[in-house]
Amino acid sequence: MTTIQPSELSILLIEPSDTQSKYIINQLKAQGINKITLAKSLTQAREILTRQHYDLIASAMYFDNGTALDLLKEIKHSERNQDSAFMLVSSECKRDNLEEYKQSGVVAILPKPFTSEHLHAAINNTIDLLTADEMELEYFDVHEIRVLLVDDSKLARNHIRRVLNNLGLLKVTEAVDGKEAINLLNDNMYDLIVTDYNMPEVDGRELTRYVREQSQQSHLPILMVTSESNDTHLANIEQDGVNALCDKPFEPEFVKQILFRLLEH
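Residues numbered from 1 in each chain as written. Predicted model: local features only at pLDDT ≥ 70, side-chain atom pairs only at ≥ 80, totals over all residues. Heavy atoms only, no water.

1. A short note on the sheet that holds strand 2 (residues 35-39)
Link 1 in the chain: Spatial strand order, 2-1-3-6-7: five strands in an open sheet with parallel pairing. Two strands in the sheet have a free side with no partner beyond their single neighbour: strand 2 and strand 7 (108-111). Each strand axis lies, on average, 20° off the axis of its neighbour in the sheet, ignoring direction.
Link 2 in the chain: With four bridges connecting them, strand 6 (residues 85-90) and strand 7 associate as parallel partners. Within strand 7, the position partnered with Met87 by the bridge is Ala108. (Pairing = 2+ DSSP bridges. Helix = DSSP H or I, 4+ residues; strand = E, 2+ residues; numbered from the N terminus. Axes fitted to C-alpha atoms, helices over the stretch in contact; angles between N-to-C directions.)

2. Focus: helix 7 (residues 178-187)
Link 1 in the chain: For helix 7, the complete set of buried residues consists of Gly178, Ala181, Ile182, Leu184 and Leu185. Taken around the axis of helix 7, the buried residues stretch over an arc of 165°, which confines them to a single face.
Link 2 in the chain: Contact partners of the buried residues in helix 7: strand 8 (146-150), strand 9 (171-175), strand 10 (192-196) and helix 8 (204-213).
Link 3 in the chain: Measuring from the backbone nitrogen of Lys179 back to the side-chain oxygen at the start of helix 7 gives 3.1 Å, which picks out Asp177 as the cap. (Buried < 20%, exposed > 50% of the residue type's maximum accessible area, 1.4 Å probe, protein only. Arc of directions from axis to C-beta. Contact = heavy atoms within 4.5 Å. Polar contact = N/O pair within 3.5 Å; in protein donor to acceptor, adjacent residues only side chain to side chain.)

3. Observations concerning the sheet that holds strand 8
Link 1 in the chain: One open sheet accounts for five strands, arranged 9-8-10-11-12; its pairing is parallel. Two strands bound the open sheet, and with one partner strand each, they are strand 9 and strand 12 (244-247). Across the sheet, the mean angle from the axis of one strand to that of its neighbour is 20°, orientation sign disregarded.
Link 2 in the chain: Bridge analysis of strand 11 (residues 222-226) against strand 12 gives four bridges, and the strand direction is parallel. Looking across to strand 12, one finds that Leu223 is bridged to Ala244.
Link 3 in the chain: The strands that helix 7 touches are strand 8, strand 9 and strand 10; relative to strand 9, the one it contacts most, it runs at about 130°.

4. Things to note about the side chain of Arg162
Link 1 in the chain: Along the chain, Arg162 falls in helix 6 (residues 154-166).
Link 2 in the chain: In terms of polar contacts, Arg162 uses its side chain to reach the backbone carbonyl oxygen of Asp83, at 2.7 Å.
Link 3 in the chain: If sequence neighbours within four positions are ignored, Arg162 has contacts with Asp83, Leu129 and Leu130.

5. Description of the pattern of salt bridges
Link 1 in the chain: Enumeration over the complete set of coordinates arrives at 13 salt bridges.
Link 2 in the chain: In this structure, Glu99 and Arg95 form a salt bridge, with 4.0 Å as the shortest nitrogen-oxygen distance. Of this pair, Glu99 and Arg95 both sit in helix 4 (residues 95-103), four residues apart, roughly one helical turn.
Link 3 in the chain: With a relative accessible area of 16%, Glu99 lands in the buried category. (Salt bridge = Lys/Arg side-chain N within 4 Å of Asp/Glu carboxyl O.)

6. Looking at the packing of aromatic side chains
Link 1 in the chain: In this structure the tally under the stated criterion is one aromatic pair.
Link 2 in the chain: Measuring from ring centre to ring centre gives 5.4 Å for Tyr23 and Phe114, while their planes differ by 55°; the resulting arrangement is tilted. With a gap of 91 residues between them, Tyr23 in helix 1 (residues 18-30) and Phe114 in the loop between strand 7 and helix 5 (116-130) connect regions that are remote in the sequence.
Link 3 in the chain: We classify Tyr23 as partly exposed; its relative accessible area is 30%. (Phe/Tyr/Trp six-rings, centres within 6.5 Å; stacked < 30°, edge-to-face > 60°.)

Okay, here's the thing in structure tokens:
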């Protein structure tokens, strides 16, 4: 594996505030990153992105003519920049306002102000997302592991699939919710389930109960990916038979550690 160095990353920073942009740029340079392009508006960012590809797009949340989410969705559907990592930098702390970003495959959500440790972790997540780092397993051929990925957000599925593929898990079947996942489980064999918690029809908790209580594959390890922060809900989820919980944003190195533990023990 050839690891990308921070100095090799190209970054588009979208930030309307002069004060904030100077602070962020200085923090990026302190991390060894110097390939930084600054856009002050969504309009300017869109124009730049028609001409240039970036490894990472770091954006504030609110602008005069829209939000970072509008741009994120455009980027994920564009040929030039759909593989770019996206990082939100915002003072927003309301969970509901951040939820859709978490569901859309951002690599990190940094608070304003953020620490150098916050940024370092986000940069490492970006590098992990851009780098293939296949797991070496004693008991499995990683390429043959059959994964059922369940999430009602296509953007989230794309992001999680990319992380799984980078780790060498190439046989990934997607389901848009727990109901479709149950149908697939009735007709196919899998080695691992990676599922979202909040979904319509049948959510991740109900899917877990079905697997443990009614499925012919009740032994399957289940990794639940959730932005849920309620401790009681999380405790209930674990009691229903989830093997491991992972937060959104879906961090590659943490996921690698979890999967290694699930598949090798």
